[in-house]
Amino acid sequence: MSLTPIYPPARDLLRDKSVVITAAAGTGIGFSVAKRAAEEGARLLISDFHERRLGEAADRLEAETGRRPATFVCDVTKENEVQALRDAAEASFGGVDVLINNAGLGGEVSVVEMTDEQWGRVIDVTLTSVLRMCRAFLPGMYARGTGAVVNNASVLGWRAQAGQAHYAAAKAGVMAFTRCAAIEAARHGVRINAVAPSIAMHPFLAKVTSQEALERLAAQEAFGRPAEVWEVANVMVFLASDLSSYMTGEVLSVSSQRA
């Protein structure tokens, strides 16, 4: 079996579905899931707190997919901006079918050196933002009796790694939140699931992580390489699509780590 991944053809999995994605600027999972969603026929609204990079992402999406997304500058740590994002999406689409919570913040610091500010910032961006976004978007989905939410967690919600206590706690929280919120949403016809990637390579990760650490993490994978960001995006698109219609409260590991 070849270890080289093959980019999959589109199958109209999100044809005419309205999709909102947070933290979609840059070169990471957020942009990749936006691209895959556009290729699958979605109507997109992408958001990010960085206005210039958000505009560049929209230009790139249009160039690569022929579909230009709507954009909205939003800091997911601010309730008023999250509410404004929801209002803009509802006005653009008349209803949101899919919400993809991709925003997250990491960093490496030991427990004994970690400040309250470092802890709180990671928890706020990575975990509490998921609450804010769901609190804003779920009522509209409930009213329509349909919808799907996909949250981006991490295998660090299950597994230990030195220097990642704040990030791991936040991602474990995303997993627990996903399971509990899914039970509440099920009676309204709304599904909530999450993905838990191990390591997905993109330029920003390479910038903030040492080469030694990246090589060590890649060596732990059965395929001996990190995931491509679009390999994670594929699973998120699956969870957003009707192919996963009987799945809710699930956290899917996107990983080739050895047991």
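Relevant structure appears above.
The structure contained in this document is the topic of the report that follows.

About the cut-offs
Residues numbered from 1 in each chain as written. Predicted model: local features only at pLDDT ≥ 70, side-chain atom pairs only at ≥ 80, totals over all residues. Heavy atoms only, no water. Helix = DSSP H or I, 4+ residues; strand = E, 2+ residues; numbered from the N terminus. Buried < 20%, exposed > 50% of the residue type's maximum accessible area, 1.4 Å probe, protein only. Axes fitted to C-alpha atoms, helices over the stretch in contact; angles between N-to-C directions. Parallel < 35°, antiparallel > 145°, perpendicular 65-115°, else oblique. Left-handed = near helix turned anticlockwise from the far one by under 90°. Contact = heavy atoms within 4.5 Å. Nonpolar A, V, L, I, M, F, W, Y, C, P; charged D, E, K, R; others polar. Polar contact = N/O pair within 3.5 Å; in protein donor to acceptor, adjacent residues only side chain to side chain. Expected span 1.5 Å × (residues − 1). Core = buried A, V, L, I, M, F, W, Y, C linked by side-chain atoms within 4.5 Å. Salt bridge = Lys/Arg side-chain N within 4 Å of Asp/Glu carboxyl O.

## A short note on the side chain of Asn151
Link 1 in the chain: Its place among the elements puts Asn151 in strand E5 (residues 147–152).
Link 2 in the chain: Taking relative accessible area as the criterion, Asn151 reaches 0% and is therefore assigned buried.

## Considering the packing of helix H3 (residues 79–93) against helix H4 (residues 116–144)
Link 1 in the chain: Across the interface, H3 lies against H4 with an axial gap of 8 Å and an inter-helix angle of 30°. As the angle between them shows, H3 and H4 are arranged roughly parallel. Where H3 crosses over H4, the handedness of that crossing is right-handed. Judged by residue contacts, Glu79, Val82, Gln83, Leu85, Arg86, Ala89 and Glu90 of H3 engage Arg132, Met133, Arg135, Ala136, Phe137, Gly140 and Arg144 from H4.
Link 2 in the chain: Looking at the contact of H3 with H4 residue by residue, the class counts come to six nonpolar, two polar and six charged.

## Description of the side chain of Glu231
Link 1 in the chain: Within the element layout of this structure, Glu231 appears in helix H8 (residues 229–240).
Link 2 in the chain: Within the structure, the side chain of Glu231 is placed 3.0 Å from the side chain of Arg225, a separation counted as a polar contact.
Link 3 in the chain: Among the polar contacts made by the side chain of Glu231, one reaches the main-chain amide nitrogen of Glu228 at a distance of 2.7 Å.
Link 4 in the chain: The residues contacting Glu231, other than those within four sequence positions of it, are Pro5, Arg225 and Val254.

## A word on H4
Link 1 in the chain: Under the 1.5 Å per step criterion, the end-to-end length of H4 is 41 Å for 29 residues, consistent within 8% with the ideal 42 Å.
Link 2 in the chain: Looking one or two places after H4, you find Gly145, whose phi comes out positive at around 75°.

## Points about the environment of Arg179
Link 1 in the chain: With respect to the secondary-structure elements, Arg179 resides in helix H5 (residues 165–186).
Link 2 in the chain: Classification of Arg179 as partly exposed rests on a relative accessible area of 40%.
Link 3 in the chain: Separated by 72 residues in the primary sequence, Arg179 and Val251 place their C-alpha atoms 8.2 Å from one another.

## Topic: the nonpolar core
Link 1 in the chain: Formed by 33 residues in total, the largest nonpolar core has its most connected members in Val19, Ile21, Leu44, Ile100, Val232 and Met236.
Link 2 in the chain: Among the elements of the structure, strand E1 (18–21), helix H1 (29–39), strand E2 (43–48), helix H2 (51–65), strand E4 (98–101), E5 and H8 are those that each provide at least two residues to this core.
Link 3 in the chain: With sequence-adjacent residues up to four places away left out, Met236 is seen in contact with Ile29, Val33, Ile100, Val150, Asn152 and Val195.
Link 4 in the chain: With 31 residues, the next largest nonpolar core counts Val82, Ala185, Ala194 and Val251 among its residues.

## Quick look at the pattern of salt bridges
Link 1 in the chain: Scanning the entire structure with this criterion turns up 14 salt bridges.
Link 2 in the chain: With a closest N to O distance of 3.4 Å, Asp242 and Lys17 form a salt bridge. Placement of Asp242 in the loop between H8 and strand E9 (251–254) and of Lys17 in the segment before E1 is noted, with a sequence separation of 225 residues between them.
Link 3 in the chain: For Lys17, a relative accessible area of 18% gives the class buried.
Link 4 in the chain: Taken together, the shared-partner salt bridges connect Lys35, Arg60 and Glu64 into one network.

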